[in-house]
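# Understanding the architecture of this molecule
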Amino acid sequence: MLDPINPPHYTAGDIEFIDALESMLSADEFRGFLRGSAAKYLWRLGRKGASVEDTKKAQWYVERLRAHLEETTK
């Protein structure tokens, strides 16, 4: 079954885009990307259909931000 939150086209070769992005941005820039991405899905909630899916996408970015903060602020 296709995962609508993290579909296979987000991966090219052996690396997922978000991992490549994390490696090329500073920690602050990456945190900003994650915050902005979560906010984007909450902002459009109810405007584009699929509200439940949008909340799941926002939650995915918030969870990734939490994990990133735990790793970088030890």
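Residues numbered from 1 in each chain as written. Predicted model: local features only at pLDDT ≥ 70, side-chain atom pairs only at ≥ 80, totals over all residues. Heavy atoms only, no water.

## Details of the nonpolar core
Residues I18, F30, L34, A38, Y41, A58, Y61 and L65 constitute the largest nonpolar core, which totals 8 residues. Within the residue set of this core, elements represented by two or more residues are α2 (27-43) and α3 (51-72). Looking at this core, the element that brings in the most residues is α2, giving 4 residues. Apart from the residues lying within four places of it in its own chain, the contact partners of L65 are R31, L34 and R35. (Core = buried A, V, L, I, M, F, W, Y, C linked by side-chain atoms within 4.5 Å. Buried < 20%, exposed > 50% of the residue type's maximum accessible area, 1.4 Å probe, protein only. Helix = DSSP H or I, 4+ residues; strand = E, 2+ residues; numbered from the N terminus. Contact = heavy atoms within 4.5 Å.)

## Some remarks on the confidence of the model for the protein chain
When pLDDT is averaged along the protein chain, the result is 87, and 84% of the positions lie at 70 or above. Per-element averaging of pLDDT across the protein chain places strand β1 (residues 11-12) at the bottom with 60 and α2 at the top with 96. (pLDDT = per-residue confidence, 0-100.)

## Some remarks on the side chain of D54
Residue placement: D54 occurs in helix α3. Residues in contact with D54, not counting those within four places in the same chain, are Y41, R44, L45 and G49.

## Overview of the pattern of salt bridges
Throughout the structure, instances matching the rule amount to 7 salt bridges. Two residues, R64 and D19, come together in a salt bridge whose shortest N-O distance is 2.7 Å. Placement of the pair is R64 in helix α3 and D19 in helix α1 (residues 17-24), with a sequence separation of 45 residues. On the basis of relative accessibility, which here comes to 18%, the residue R64 falls in the buried class. The partner of K57 in a salt bridge is E53, and the shortest N-O contact between them spans 3.4 Å. Of this pair, K57 and E53 both sit in helix α3, 4 residues apart, which is roughly one turn of the helix. Salt bridges here are not isolated pairs; linked through shared partners, they connect D19, E22 and R64. (Salt bridge = Lys/Arg side-chain N within 4 Å of Asp/Glu carboxyl O.)

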